[in-house]
Amino acid sequence: MKNRNIILLIGMNLLWAGSYSIFKVLSEQLDSGAIASLRFAMAGLLLLAAWPWLGGQGPRWRELPRIFLMGTLVFCVAPRLQVAAVHLGKAGDTSLLTALDPLIVASAAALFLGERVPTRRWWGCGLGMLGVFLLSNIWRGDVPLHGLLPNALFIMSMMFEAAYSVCGKPLLHKIGAMKLLASGLAAGTLVNAILELFAPGQNAFRALPHLSAQSWIWLLYLSVICTIVGYTLWYVVIRETEVNLAGLTVLTQPVAGWILSVIWLKEPLHAGQLWGALAIVAGLIVGLRPRRETPIARSTESAEQQLADVEA
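Procedures and definitions
- Residues numbered from 1 in each chain as written.
- Predicted model: local features only at pLDDT ≥ 70, side-chain atom pairs only at ≥ 80, totals over all residues.
- Heavy atoms only, no water.
- Helix = DSSP H or I, 4+ residues; strand = E, 2+ residues; numbered from the N terminus.
- Buried < 20%, exposed > 50% of the residue type's maximum accessible area, 1.4 Å probe, protein only.
- Contact = heavy atoms within 4.5 Å.
- Areas by Shrake-Rupley, 256 points an atom, 1.4 Å probe, with all protein chains shown as cover.
- Axes fitted to C-alpha atoms, helices over the stretch in contact; angles between N-to-C directions.
- Parallel < 35°, antiparallel > 145°, perpendicular 65-115°, else oblique.
- Left-handed = near helix turned anticlockwise from the far one by under 90°.
- Nonpolar A, V, L, I, M, F, W, Y, C, P; charged D, E, K, R; others polar.
- Phe/Tyr/Trp six-rings, centres within 6.5 Å; stacked < 30°, edge-to-face > 60°.
- Core = buried A, V, L, I, M, F, W, Y, C linked by side-chain atoms within 4.5 Å.
- pLDDT = per-residue confidence, 0-100.
- Patch = residues over 30% accessible without salt bridge, like charges linked within 9 Å, V, L, I, M, F, W, Y side chains within 5 Å.
- Salt bridge = Lys/Arg side-chain N within 4 Å of Asp/Glu carboxyl O.

### Thoughts on the overall build of the chain
Stage number 1. Counting its secondary structure elements, the chain contains 15 helices and 0 strands.
Stage number 2. By residue count, 51% of the 312 residues in the chain fall in the buried class.
Stage number 3. Across the chain, contacts joining residues at least 24 apart in sequence account for 88% of those joining residues at least 6 apart.
Stage number 4. When the accessible area of the chain is evaluated, it comes to approximately 15200 Å², of which 69% is carbon and sulfur surface.

If you want it as structure tokens, here you go:
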């Protein structure tokens, strides 16, 4: 992966990290379904309005079932589980669980896309998980059992979110990245709207007139920065590199999310967080370390390039 792409993805993950604290703030006015519905509906409407200028080819009829599946899992099921996990637990705890995301993404890429995951990336994932273990403080044995439910919900959301790469990457050579995102958002918004219509209590439609200006600003941040910019950048990067390598940059989220939860939400600190953060950073360095090319590998690559030039 190009150094530029690594920097862009790490920067994007720092911006994504703020979403967990935002979920916590928005949950005072909206439930998990309403937050997901409004966030992705706003993003989808903006992209659909700009459809003629998005570039690239649009989806064909035979590609719509896969896009509908992706949109439902990524923009309906996964975010509802994610926001519910933050609401039930702590923003810092759930943001730390994102260290498991590279392992989930790498496993999905190997299973469904046939990618070969180098050993150093498995080591990077392992260090990231060690960091989560230290950060969660579970090794002290004083974590209440009810804290396992939000963690389980969050891990399930990451499994569903992996469908964005698994379903989307094979379509990127046929469909423009932003049009693929817009189509997935339209599918997810349709399912979200149906669920909200039949949701009891304060659903997204009933909550709209009562939202504060601050809530609209946070929803706009989630829609434009975290969704349109972030998800488009992800597709642009994985179109030319392996999904498992791009997924490793997610290890920056746990540390950034934890710092935000402490500064913004005033969540308590403990000693294991320092060692956990260091383990996660070490995992990022190990996993993203460029492969060393041996003289044999370089000569083979050179011979293949010369053969291609002759054939051309």
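### Looking at the packing of helix α9 (residues 177–197) against helix α11 (residues 213–238)
Stage number 1. In the contact formed by α9 and α11, the axes pass within 9 Å of each other and the chain directions differ by 125°. One finds that α9 runs oblique with respect to α11. Between α9 and α11 lies a crossing of right-handed hand. Mapping the contact onto sequence places Ala177, Met178, Leu180, Leu181 and Leu185 in α9 and Thr227, Ile228, Tyr231, Thr232, Tyr235 and Val236 in α11.
Stage number 2. Split into classes, the residues belonging to the contact of α9 with α11 amount to 9 nonpolar, 2 polar and no charged.

### Comments concerning the packing of aromatic side chains
Stage number 1. Counted according to the given criterion, the structure contains 6 aromatic pairs.
Stage number 2. Among the aromatic residues, those joined into a cluster by ring pairs are Trp16, Phe40, Phe75, Tyr164, Tyr231 and Tyr235.

### Some details on the environment of glutamate 28
Stage number 1. When you line up the elements, glutamate 28 lands in the loop between α1 (3–26) and α2 (32–49).
Stage number 2. Distance in space between the C-alpha atoms of glutamate 28 and histidine 87 is 9.0 Å, their sequence separation being 59 residues.

### Side note on the nonpolar core
Stage number 1. In terms of nonpolar packing, the biggest core is built from 64 residues, with Leu30, Phe75, Tyr164, Leu180, Trp234 and Tyr235 touching the most fellow members.
Stage number 2. Ignoring sequence-local partners within four residues, the contact set of tyrosine 235 consists of Met70, Tyr164, Gly168, Lys169, Leu172, Ala177, Leu180 and Leu181.
Stage number 3. The next biggest cluster of nonpolar side chains, apart from the first, holds 5 residues, and it includes Cys125, Leu248, Val255 and Ile280.

### A short note on the confidence of the model for the chain
Stage number 1. Scored by pLDDT, the chain comes out at a mean of 80, with 78% of its residues at no less than 70.
Stage number 2. In this model, residues 294–312 is a region of pLDDT below 50 whose contacts with residues beyond four sequence positions or in other chains number 2 contacts.

### Here's the deal with the side chain of asparagine 5
Stage number 1. Looking at where asparagine 5 falls in the secondary structure, it is placed in helix α1.
Stage number 2. We classify asparagine 5 as buried; its relative accessible area is 5%.
Stage number 3. If we skip the residues at most four places from it in the chain, asparagine 5 touches Val237 and Glu240.

### Examining a nonpolar patch on the surface
Stage number 1. A cluster of nonpolar side chains, namely Phe68, Leu190, Ile194, Leu197, Phe198 and Phe205, defines an oily patch on the protein surface of about 670 Å² accessible area.
Stage number 2. Here the nonpolar patch takes 3 residues from α9, the largest share from any one element.
Stage number 3. In this fold, phenylalanine 68 is placed in helix α3 (residues 64–88).
Stage number 4. Looking at phenylalanine 68, the relative accessible area reads 40%, which means it is partly exposed.

### Here we look at the pattern of salt bridges
Stage number 1. If you walk through the whole model with that rule in mind, you get 3 salt bridges.
Stage number 2. The salt bridge partner of glutamate 115 is lysine 169, with a shortest N-O separation of 3.6 Å. Of this pair, glutamate 115 sits in the loop between α5 (101–112) and α6 (119–136) while lysine 169 sits in the loop between α8 (163–168) and α9, placing them 54 residues apart in sequence.
Stage number 3. Residue classification places lysine 169 among the partly exposed positions, given a relative accessible area of 22%.

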